[in-house]
Amino acid sequence: MSAPLLASGTTHWLLGGADEDPALVVDDRTVSYGELGALVRTARTPGPRRLVLLEAAPTLEFVVDYLAALAAADPVLLIAPGDRDRHGHLAAAYPPGTAAGLHPDLALLLSTSGSTGSPKLVRLSRDNVAANARSIADYLGLRPSDVAITALPLHYCYGLSVLHSHLVAGATVVLTELSVADACFWDLAERTGVTGVAGVPHTYALLDAIDFGRRVLPRLETLRYLTQAGGRMPPERVRSYAGALGERGIDLFVMYGQTEATARMAYLPPHLALDHPDTIGVPVPGGRLRIEPVPGAPEGVGELVYSGPNVMMGYAESLADLARGSELTELRTGDLARVTDAGLFQVVGRRDRHAKVLGHRVDLDRVEAAAADAGHPVRLLARPEALWVFTTGERRRARVRDLVADRTGLRGTAVRVVCWDRLPVTSAGKPDDRPLRAHVEREEALRAPAPRGPATAEEIRDLYAVALNRPDADLGSTFVGLGGDSLSYVEVSTRLGERLGSLPAGWPTMTAAALAEAGAAPTVGTVPTRRRRPGVAVDMAVLLRAVAIVLVVVAHADLLQVQGGAHVLLAVAGYNLARFQLSVPGQRERVRAVLGGARAVALPVTAFVGTLAVLGHQYEWPTALLLNGAVGADTWDDQWQFWFLEALVWSYVAVAAALAVPALSRAQRAAPFASALLVLGAALALRFWWTGIEAGATERYTPGVVAWCLALGACAGFAQRRWQRLLVLALAIAATVGFFGDPRREAIVVAGVLLLLLGRPVRMPRALAAPVAGLAAASLWIYLTHWQVYPPLEDAGHPVWAVVASLAVGVAAHRVVPAGSRLVRRAGRAVRAGRGGRAPASPIVRPAESADSAEPADSAGSGVG
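Keep in mind the model is a prediction, meaning the values are calculated, not measured.

S.K.: I keep staring at the overall build of the protein chain and nothing clicks. Help me out?
M.R.: Of the regular secondary structure elements, the protein chain holds 30 helices and 25 strands. Residues counted as buried form 55% of the 865 residues belonging to the protein chain. If you take every contact in the protein chain between residues at least 6 apart in sequence, the share linking residues at least 24 apart comes to 71%. Element-wise, carbon and sulfur atoms account for 57% of the exposed surface of the protein chain, whose accessible area totals about 35400 Å².

Dropping the structure here:
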């Protein structure tokens with residue numbers, strides 16, 4: 001039985017230092033063991049044993065309260081700081097202050113790394129904690145002169161074990177909330193003479209990001225060792241750190257453990273790390289490991305079973321379980337392992353991470369490890385019909401798909417790759433599969449036939465999360481606020497149209513909850529019981545994009561002479577600019593969003609045209625760099641083929657430059673329609689000054705001359721009242737008539753603007769809505785590639801096939817090549833972090849910041865317009 005301890009004059013069972021030795025350093029204040037013991041005695045409250053709920057923060061107050069509770073034999077339930085609301089289910093299941101039904105040996109309750117959403121807890125005794133603390137201090141060789149620092153959260157068993165083991169050894173612990181990614185963390189470590197730093201694999205990824213070996217390590221003259229646990233680290237990284245640290249006489253301890261074993265079960269002696277970086281080493285002092293055969297496992301492979309004094313008492317799944325005593329003598333880890341020829345234990349997978357996908361047996365751990373060894377962080381989630389692969393960065397998509405296909409034998413849609421900004425981790429920095437499962441469930445729900453009735457707010461939120469790659473979407477999120485752009489608009493508006501019918505005006509700025517409410521409410525002037533009309537409501541801008549790009553290809557392939565589609569696309573681009581990028585709140589955010597739109601077009605154009613130029617095609621470097629309008633010939637040639645994209649990019653750059661001026665940005669925000677009207681007036685003045693009434697052969701394609709088309713579209717996007725729409729239509733007629741010297745072409749452009757002004761969705765059969773949305777989304781790649789596709793077929797006298805092939809190749813390219821908007825979104829965030837803006841979130845130290853914020857993303861979509 002754990003009797004209350006630490007009466008006056010006694011010492012705490014976790015405090016192993018002499019009274020004069022330093023125990024803690026917090027805010028540059030050193031607290032000795034004697035002072036800490038006195039504070040703990042003062043903090044003790046008399047009375048019967050009771051359950052204590054503590055938020056485990058790296059503060060002196062927490063350490064004192066925690067040690068006082070342990071000294072009084074009060075069982076402690078630890079949660080993350082600020083998590084009382086998120087972990088309300090624990091407080092409800094295990095009410096703080098409970099005095100009855102507490103087993104005498106019970107000392108500590110910890111949430112397992114995978115059970116933070118349930119009341120399941122690990123029950124630990126005082127003997128468990130003390131034995132593991134002494135064991136860790138033993139193999140690390142801790143001594144009173146050692147100094148640790150809180151690089152991991154204290155509610156996490158690994159972080160807590162750092163505190164326990166150093167206090168038991170009479171060493172010092174520096175308390176800080178700083179992240180290892182913060183330069184101030186290392187300033188503090190240097191100033192306090194830190195000798196050891198603990199980290200999970202994510203910690204070491206952050207160390208790589210800050211160039212730890214070159215910029216930080218040389219400063220840490222007192223550093224004696226680093227430890228790593230909390231998940232498998234790629235062997236190459238283990239070997240790299242072991243080598244670099246070893247050159248300076250610093251040890252790397254790779255360790256293995258689980259909350260169920262209090263913390264540690266095995267460690268790899270540092271001198272073996274270079275030659276055996278893929279093993280967990282040997283049992284900790286006082287522990288024992290064995291391999292238990294598992295049916296169907298390869299020879300020599302079985303479940304890893306641990307026994308030792310640090311094995312938990314058992315689980316708690318209800319308040320009644322707190323009265324139970326120790327129920328285990330050994331721990332079945334669930335890990336599959338073997339013993340190597342060197343006598344070291346090696347974990348090769350999980351018993352519960354083998355799955356069958358379409359009849360293929362897949363070892364998820366082995367595939368993830370192979371991808372990590374190839375430099376691709378991935379997480380896998382298996383379903384009977386598909387293997388979901390989550391990774392970071394669109395640039396990895398094709399390579400990750402190929403690697404997974406080679407390793408599993410799965411092909412086609414059986415391998416579904418999802419690219420996020422970062423893979424989610426728990427507050428302890430360990431892999432968190434809950435967001436992955438939520439994404440898959442949302443995607444499967446969206447693929448399923450739509451249920452009858454209006455969409456719920458949850459369904460709209462799920463659509464945003466999947467279509468915009470924003471797992472942080474909630475019921476208060478808006479399409480614009482989540483970084484929605486003209487490309488994702490196609491998919492989202494079409495899917496919403498299927499469920500809501502006609503979309504409300506201004507829906508991109510409505511929250512998911514408000515949009516669902518609007519969809520459920522009957523339209524004014526209609527009978528509430530009126531049945532919804534059949535078909536799908538397709539947004540006018542989406543339909544115009546699809547029709548315009550088809551007109552472009554039809555005209556170029558000489559199937560029909562219906563020119564003007566590209567100028568309509570410019571107007572659509574301006575219309576979407578008004579609805580999306582210019583609707584983002586905040587000056588800096590609007591500038592970034594507009595520049596993101598420019599990059600989303602410029603990057604794929606430069607890459608595609610530049611590749612063709614390198615391969616010896618007809619294009620020159622000014623064309624690839626979107627500079628032909630400035631340095632090109634005065635007569636039409638192949639270099640002018642991408643004039644439309646050049647005009648679009650430089651128009652966006654000009655808008656961003658204007659918005660960068662605070663006064664202009666405020667004026668635009670205060671009076672968006674008037675501002676757009678002034679820009680249109682300036683663009684028209686330039687157009688008439690440059691060309692007169694009718695533009696020349698190349699003048700009608702020069703970026704500065706055609707900027708009025710984009711400004712006209714923006715005016716249409718901001719026009720809300722009838723007189724505003726009429727004014728924009730009148731200006732469209734005045735600007736267009738005579739410009740081309742071709743009434744049909746001019747009529748097409750005016751008609752396009754008129755349809756934007758009407759802005760009414762067009763209801764069409766579901767079978768037609770899908771290809772229309774596909775053409776609209778692929779418009780950029782159709783425009784880029786059709787110049788290489790149609791000429792041979794046109795020359796052979798097959799203009800129809802020339803059009804069909806051009807559209808098909810563009811759609812295929814759009815699906816195969818990573819979407820520019822996603823690539824730009826990630827690049828933009830990386831650039832901002834590198835500039836010293838918003839620091840990269842560190843889920844290791846600040847779990848609340850581990851997810852992406854709702855900051856609007858730098859994106860405008862890679863679809864044309």
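S.K.: Help me understand the pairing of strand β10 (residues 225-228), please; the structure alone is not making it clear to me.
M.R.: Consecutive side chains of a regular strand alternate in pointing toward one face of the sheet and then the other. Burial along β10 is two-sided: the residues Tyr 225 and Thr 227 and Leu 226 and Gln 228 are all buried. Where strand β9 (residues 196-199) lies against β10, four bridges are found, and the strand directions are parallel. For Val 197, the partnering residue across the bridge sits in β10 and is Leu 226. As paired elements, β10 and strand β11 (residues 251-256) share four bridges and run parallel to each other. Looking at β11, one finds that Leu 226 is bridged to Leu 252. Handedness of the crossover joining β10 and β11 through helix α9 (residues 235-246) is recorded here as right-handed.

S.K.: Looking at this structure, how should I read unusual backbone geometry?
M.R.: Backbone phi values are negative for most residues with the exception of glycine, while trans is the configuration of most peptide bonds. Positive phi outside glycine occurs at Thr 262, with the angle close to 70°. Locating Thr 262 in the fold gives a position in the loop between β11 and β12 (266-268). On the accessibility criterion, Thr 262 (7% relative accessible area) is buried. Residues other than glycine seldom take positive phi values, yet Leu 626 does so here, at roughly 60°.

S.K.: How should a nonpolar patch on the surface be read in this particular structure?
M.R.: Nonpolar side chains collect at one region of the surface, where Val 614, Trp 621, Leu 625, Leu 627, Val 631 and Trp 650 lie side by side and expose about 620 Å² of accessible area between them. Tracing the backbone through its elements, the reader meets Val 614 in helix α18 (residues 587-614).

S.K.: What is the right way to read empty space enclosed by the protein from this model?
M.R.: Picture a little ball the size of a water molecule; that probe, rolled over the atoms, points out where space is still empty. A full pass over the atoms with the stated rule returns eight cavities of 30 Å³ or more. Here the second largest cavity defines a volume of roughly 110 Å³. If you go around the second largest cavity, you meet 16 residues; those closest to its centre are Leu 140, Val 162, His 166, Ala 198 and Thr 227. Residue assignment for the lining of the second largest cavity shows that the elements contributing at least two residues are α4 (126-140), β7 (147-149), α5 (157-168), β9 and β10. Residue composition of the lining of the second largest cavity, grouped by class: 10 nonpolar, five polar and one charged.

S.K.: Could you clarify how one ought to interpret the sheet that holds strand β17 (residues 330-339) in this entry?
M.R.: Working definition: the strands of a sheet are paired by backbone hydrogen bonds and lie parallel or antiparallel to each other. Judged by pairing direction, the sheet is antiparallel, and its four strands sit side by side in the order β14-β15-β17-β18 without closing on themselves. The strands lining the two open edges of the sheet, one partner per strand, are β14 (288-293) and β18 (345-350). Shown here is a sheet whose adjacent strand axes are inclined to one another by a mean of 50°, direction ignored. Two elements, β17 and β18, share five bridges in a ladder whose sense is antiparallel. Each bridged residue has a counterpart across the sheet, and for Ala 337 the counterpart in β18 is Val 347.

S.K.: Sorry if this is basic, but what is going on with the packing of aromatic side chains here?
M.R.: For any pair of aromatic rings, the description rests on two quantities: the centre-to-centre distance and the angle between the ring planes. Evaluated as defined, the whole model comprises 21 aromatic pairs. Ring geometry for Trp 643 versus Tyr 701: centroids 4.9 Å apart, planes at 45°, classification tilted. Taken together, the residues Trp 643 in helix α21 (residues 643-659) and Tyr 701 in the loop between α23 (672-691) and α24 (703-718) connect sequence positions 58 residues apart. Like Tyr 701, Trp 643 is buried. Lying over the aromatic face of Tyr 158, Arg 264 brings its terminal NZ or CZ to 4.9 Å of the ring centre. A cation over a ring is seen here: Arg 687 above Phe 688, with NZ or CZ 4.1 Å from the ring centre.

S.K.: Teacher, can you tell me more about α4 here?
M.R.: For the α-helix, the turn length of 3.6 residues means that residues three or four positions removed from each other point alike. In this model, α4 (15 residues) spans 21 Å end to end at C-alpha, consistent with the 21 Å of a helix rising 1.5 Å per residue. All buried positions along α4 are accounted for by Asn 128, Val 129, Ala 130, Ala 131, Asn 132, Ala 133, Ser 135, Ile 136, Ala 137, Tyr 139 and Leu 140. On its buried face, α4 is in contact with β5 (106-111), β6 (121-125), α5, β10, β11 and β12. Following α4 by one or two positions, Gly 141 adopts a phi angle in the positive range, close to 65°.

Cut-off values and rules
- Residues numbered from 1 in each chain as written.
- Predicted model: local features only at pLDDT ≥ 70, side-chain atom pairs only at ≥ 80, totals over all residues.
- Heavy atoms only, no water.
- Helix = DSSP H or I, 4+ residues; strand = E, 2+ residues; numbered from the N terminus.
- Buried < 20%, exposed > 50% of the residue type's maximum accessible area, 1.4 Å probe, protein only.
- Contact = heavy atoms within 4.5 Å.
- Areas by Shrake-Rupley, 256 points an atom, 1.4 Å probe, with all protein chains shown as cover.
- Pairing = 2+ DSSP bridges.
- Right-handed = clockwise from strand over helix to strand, strands pointing away.
- Patch = residues over 30% accessible without salt bridge, like charges linked within 9 Å, V, L, I, M, F, W, Y side chains within 5 Å.
- Salt bridge = Lys/Arg side-chain N within 4 Å of Asp/Glu carboxyl O.
- 1 Å grid on protein atoms, 1.4 Å probe; cavity = no way out; pocket = protein on both sides within 12 Å on 5 of 7 lines; lining within 4 Å.
- Points joined across faces, edges and corners; volume = space filled by probe spheres on them.
- Nonpolar A, V, L, I, M, F, W, Y, C, P; charged D, E, K, R; others polar.
- Axes fitted to C-alpha atoms, helices over the stretch in contact; angles between N-to-C directions.
- Phe/Tyr/Trp six-rings, centres within 6.5 Å; stacked < 30°, edge-to-face > 60°.
- Lys NZ or Arg CZ within 6 Å of the ring centre and 35° of its normal.
- Expected span 1.5 Å × (residues − 1).

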